[in-house]
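Reading the structure
The residues making up each chain are set out below.
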Amino acid sequence: MQTASATPAALKSILPDELDWKPFAAFPPAARLAVLLGHPSRPGPYVIRVKLPADERLMPHWHPEDRIYTVMSGIFHIGLGERFDPAKLQSYPPGSVVLLPGHTPHFHWAKCGEYVTQVIGVGPLGIEYMDRHDDPRKVQP
């Protein structure tokens, strides 16, 4: 029989005021992203948080990786489809968990105020907009 190590592993934590919210090139300028664990641009698991301010939209897009969203605050509105359609939005309150398979076209709208979601996935993180004109990384004509 093996016994537990005399030296326990160090407890790791991230407090809310320690989050480093930054702009993300693939999001509208007002949106913010904080990396909690992992490196989303590299292969392997990651945990991020996304903050979308009131009335901001993420236009139809998809991700190659499966994602698990947990609503941390606000109301998370997400709809499925290749075109933005407010009638297709579903609303999720804090504490909700949303499973989104990879390659699923969808869109978000912070229509009831700012929301924060925590996203878990296996990288590299990817995002492709259905319409290149909606992609903040592309040069607008």
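Criteria and cut-off values
Residues numbered from 1 in each chain as written. Predicted model: local features only at pLDDT ≥ 70, side-chain atom pairs only at ≥ 80, totals over all residues. Heavy atoms only, no water. Core = buried A, V, L, I, M, F, W, Y, C linked by side-chain atoms within 4.5 Å. Buried < 20%, exposed > 50% of the residue type's maximum accessible area, 1.4 Å probe, protein only. Helix = DSSP H or I, 4+ residues; strand = E, 2+ residues; numbered from the N terminus. Contact = heavy atoms within 4.5 Å.

Moving on, we get to the nonpolar core. One finds Phe 27, Ile 48, Val 50, Leu 52, Tyr 69, Phe 76 and Val 119 to be the most contacted residues of the largest nonpolar core, which totals 21 residues. Counting residues per element, this core draws most heavily on strand β2 (residues 44-52), which supplies four residues. Setting aside residues up to four positions removed in sequence, Leu 52 forms contacts with Ala 31, Leu 58, His 108, Ala 110, Gly 113, Glu 114 and Tyr 115.

Turning to its location among the elements, Val 47 is positioned in strand β2. Residue Val 47 is classed as buried on the basis of its relative accessible area of 14%. Remark: the alpha-carbon pair of Val 47 and Phe 84, spanning 37 residues in sequence, is separated by 26 Å. With residues up to four places along the chain from it excluded, the contact list for Val 47 reads Ala 34, Val 35, Leu 36, Leu 37, Gln 118, Val 119 and Ile 120.

Okay, unusual backbone geometry next. Between Gly 123 and the following residue, Pro 124, the backbone shows a cis peptide bond with an omega angle of 10 degrees. Structurally, Pro 124 can be placed in the loop between β9 (115-123) and β10 (128-129). For Asp 55, which is not glycine, the phi dihedral falls at a positive 70 degrees.

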